[in-house]
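The primary structure of each chain is shown beneath.
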Amino acid sequence: MAKKKADAMAFWKDAVIRAARTFVQTAVAVLVANQAGMFEADVIMAAAMAGATAAVSFIQNAMEDAPFAFMSKIPKG
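Thresholds, definitions, all that
Throughout, a residue's number is its position along its own chain's written sequence, starting from 1. Under the rules for a predicted model, residues below a pLDDT of 70 receive no local features and side-chain atom pairs below 80 are neither given nor counted, while totals for whole chains, interfaces and linings still include all residues. Excluding hydrogens and water, the side-chain values take into account all heavy atoms of the structure. Each patch is built from salt-bridge-free residues with over 30% relative accessible area, joining like charges within 9 Å and nonpolar side chains (Val, Leu, Ile, Met, Phe, Trp, Tyr) within 5 Å. Calculation of accessible area relied on Shrake-Rupley with a 1.4 Å probe; when residues are assessed, cover is drawn exclusively from the protein chains displayed. Salt-bridge detection follows one rule: a side-chain nitrogen of Lys or Arg within 4 Å of a carboxyl oxygen of Asp or Glu. Elements are defined by DSSP. Helices are runs of H or I of four residues or more, strands are runs of E of two residues or more, and each kind is numbered from the N terminus. Only heavy atoms enter the contact rule, under which two residues are in contact if any of them lie within 4.5 Å. Classification of ring pairs uses Phe, Tyr and Trp, with its six-membered ring standing for Trp, and accepts pairs whose centres are within 6.5 Å; under 30 degrees between planes counts as stacked, over 60 as edge-to-face, and the remaining range as tilted. Here, expected helix span is obtained from the residue count minus one, scaled by 1.5 Å. To sort residues, take the accessible area from a 1.4 Å probe on protein chains only and compare it with the maximum for the residue type: under 20% means buried, over 50% means exposed, and anything in between is partly exposed.

Trainee: Even after reading the chapter, I still don't get a nonpolar patch on the surface, so can you show me in this structure?
Mentor: Side chains of Phe23, Val24, Val28 and Val32 sit close together on the surface and give an oily, nonpolar patch of about 330 Å² of accessible area. Looking at where Val24 falls in the secondary structure, it is placed in helix 1 (residues 2-35).

Trainee: Explain the environment of Met49 here, please?
Mentor: Topologically, Met49 is positioned in helix 2 (residues 43-65). In this structure Met49 touches Thr26 and Val30, once residues within four positions along its chain are discounted.

Trainee: Help me understand the packing of aromatic side chains in this model?
Mentor: Between two aromatic rings, the relevant description is the distance of the centres plus the angle of the planes. Taken as a whole, this structure holds 2 aromatic pairs when the rule is applied. Ring pairs connect the aromatic residues Phe11, Trp12 and Phe58, which therefore count as one cluster.

Trainee: Would you take a moment to explain the environment of Asp7 for this structure?
Mentor: Within the fold, Asp7 resides in helix 1. In this structure the C-alpha to C-alpha distance between Asp7 and Ala66, which are 59 residues apart in sequence, comes to 9.6 Å.

Trainee: Sorry, what's going on with helix 2 here?
Mentor: Every α-helix carries 3.6 residues per turn, so stepping three or four residues along brings you back to the same face. Taking 1.5 Å of rise per residue, 23 residues should cover 33 Å, and helix 2 covers 32 Å from first to last C-alpha, within 8% of that figure. Those residues of helix 2 that sit buried are Ala46, Ala50, Ala54, Ser57, Asn61, Ala62 and Glu64.

Dropping the structure here:
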């Protein structure tokens, strides 16, 4: 039982870490594009866009890596 709980905790930890990385990458990309003059975006817009992509990343990784038998047939990537 302890191993299952450890696997579940690692699964959630990995999904959160991947979402956080996606958030940072998107925020930096939007702010750099703004500075390059590609479009106008403020910090709030960058945070909103980064939050949306992080949410999608979290859901995708949660579905792909879920330690449940019924989720094992979902393709990765």
